[in-house]
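# Close look at the chain arrangement
Take a look at the letters that make up each chain.
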Amino acid sequence: MEGRLDLDVRNEHEVRGQPAAADTSCPFHADRAGMQQAECKTLVLTGASRGIGHATAKLFSDAGWRIISCARQPFDGARCPWEAGATDHVQVDLSDHRMLPYALTKIKERLAGTPVHALINNAGVSPKTPTGTRLTSLTTSVETWMKVFHLNLVAPILLAQGLFDELKAASGSIVNVTSIAGSRVHPFAGSAYATSKAALACLTREMAHDYAPHGIRVNAIAPGEIKTDILSPDTEARLLPTIPLRRVGTPDEVARVIFFLCSDAASYVTGTEVPINGGQHL
Ligand SMILES: NC(=O)c1ccc[n+]([C@@H]2O[C@H](COP(=O)([O-])OP(=O)(O)OC[C@H]3O[C@@H](n4cnc5c(N)ncnc54)[C@H](OP(=O)(O)O)[C@@H]3O)[C@@H](O)[C@H]2O)c1
């Protein structure tokens, strides 16, 4: 479980000891004011139980959003303290495309006709060999290729298609979580993972084009090395010298960029892939 976020979007002015009403320059201010007057915004998020997804759910929940989550594990109230988390959790394996209709039915039951303001396709898998080394294009089995592509690429396509009406109703936005491995060979991420993320980056461009006439923005974030369960044990030792900021990132630092992309502050941003990697891509 990640530690508590140090950015409380609703209360950031109070945290600094300033009156909230006095500052209208904060890019999140409009969201906050609007949130109090309008209905609660709804986020559909895959992979909320750990890592980047957990930090993202926590940040959006702190900002007053309702979170509908999807993952294989049941909801864990002790680790995920957002409101209505258990009833708004859909337990499903998204690496099986035959489960997507089930997932969409369960999500829509919970929505009950209400709009979706953001869809975040965050769940992802990066399989390694039994000894933790990378699975290359010579050594990856067809089962692994299929599983990785179903979760990392097909699930985002089908969830976005299935929630199109609900996203359109909210002029919502989609964020796809890609990876630095989608644009360069990575010492730990395998070939199936890297190509699925490159395809997801391309899909983001295609979707941004196709969804824009309907008022839906589509962007991607491409994390570098973020401290979660997905990292290999040797990541910090091997890769810190290649990261200009000389540290790995935290899930909170990724969540804040996702939040920006889903906010009105990013209302003219679509079709982009934002690197979050301490300069590793330089
Ligand atoms: N951490 C990094 O350095 C890094 C770098 C680049 C990109 N990313 C990307 O960021 C995203 C989140 O990664 P993370 O580091 O936070 O990983 P993580 O800690 O391993 O979390 C992965 C999440 O995805 C869910 N998930 C995994 N397989 C699933 C399946 N078959 N069906 C439904 N849900 C599934 C997991 O929940 P359950 O286990 O309950 O299913 C979990 O909540 C991924 O797309 C990853 O590729 C991460």
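For the structure itself, look to the data block above.
The rules behind the values
- Residues numbered from 1 in each chain as written.
- Predicted model: local features only at pLDDT ≥ 70, side-chain atom pairs only at ≥ 80, totals over all residues.
- Heavy atoms only, no water.
- Helix = DSSP H or I, 4+ residues; strand = E, 2+ residues; numbered from the N terminus.
- Contact = heavy atoms within 4.5 Å.
- Near = heavy atom within 4 Å.
- Polar contact = N/O pair within 3.5 Å; in protein donor to acceptor, adjacent residues only side chain to side chain.
- Areas by Shrake-Rupley, 256 points an atom, 1.4 Å probe, with all protein chains shown as cover.
- 1 Å grid on protein atoms, 1.4 Å probe; cavity = no way out; pocket = protein on both sides within 12 Å on 5 of 7 lines; lining within 4 Å.
- Sits in = over half its atoms within 2 Å of the grid points.
- Phe/Tyr/Trp six-rings, centres within 6.5 Å; stacked < 30°, edge-to-face > 60°.
- Buried < 20%, exposed > 50% of the residue type's maximum accessible area, 1.4 Å probe, protein only.
- Axes fitted to C-alpha atoms, helices over the stretch in contact; angles between N-to-C directions.
- Parallel < 35°, antiparallel > 145°, perpendicular 65-115°, else oblique.
- Left-handed = near helix turned anticlockwise from the far one by under 90°.
- Nonpolar A, V, L, I, M, F, W, Y, C, P; charged D, E, K, R; others polar.

### Remarks on the overall build of the protein
- Scanning the protein from N- to C-terminus turns up nine helices and seven strands.
- Pairs at least 24 residues apart make up 72% of the contacts formed inside the protein by residues separated by at least 6 positions.

### Looking at the site of the ligand
- Around the ligand, 30 residues are found, and the nearest of them are Ser 49, Arg 72, Asn 122, Tyr 193 and Thr 228.
- One nitrogen or oxygen atom from the main chain of Gly 47 is found 3.4 Å from an oxygen atom belonging to the ligand.
- Within the contact set of the ligand, an oxygen atom lies 3.0 Å away from a backbone nitrogen or oxygen of Gln 73.
- In the complex, the protein chains occlude 97% of the 880 Å² of accessible area that the ligand would expose alone.
- Among the cavities detected, the one that contains the ligand is the largest pocket.

### Here we look at the packing of aromatic side chains
- Counted by the stated rule, this structure contains four aromatic pairs.
- The interplanar angle of 70° and the centroid separation of 5.8 Å between the aromatic rings of Phe 164 and Tyr 211 together place this pair among those described as edge-to-face. Linking Phe 164 in helix α6 (residues 164-169) with Tyr 211 in helix α7 (residues 191-211), this pair joins segments that are 47 residues apart in sequence.
- In this structure an aromatic cluster arises from ring pairing among Phe 60, Trp 65 and Phe 259.

### Overview of the environment of Cys 40
- Looking at the secondary structure, you find Cys 40 in the loop between α2 (29-37) and β1 (42-46).
- Cys 40 sits in the partly exposed class, given a relative accessible area of 38%.
- For the pair Cys 40 and Gly 64, spaced 24 residues apart in the sequence, the C-alpha separation amounts to 6.6 Å.
- Those residues in contact with Cys 40, other than ones at most four positions away along the chain, are Gly 64, Trp 65, Arg 66 and His 117.

### Topic: the packing of helix α3 (residues 51-62) against helix α9 (residues 251-262)
- The geometry of α3 relative to α9 is characterised by a closest axis approach of 8 Å and an angle of 55° between their N-to-C directions. When the axes of α3 and α9 are compared, the pair comes out oblique. Between α3 and α9 lies a crossing whose hand is right-handed. Counted together, Gly 51, Ile 52, Ala 55, Thr 56, Leu 59 and Phe 60 of α3 and Pro 251, Asp 252, Val 254, Ala 255, Arg 256, Ile 258, Phe 259 and Cys 262 of α9 form the full contact between these two elements.
- Each residue belonging to the contact of α3 with α9 can be placed in one class, and the counts come to 10 nonpolar, two polar and two charged.

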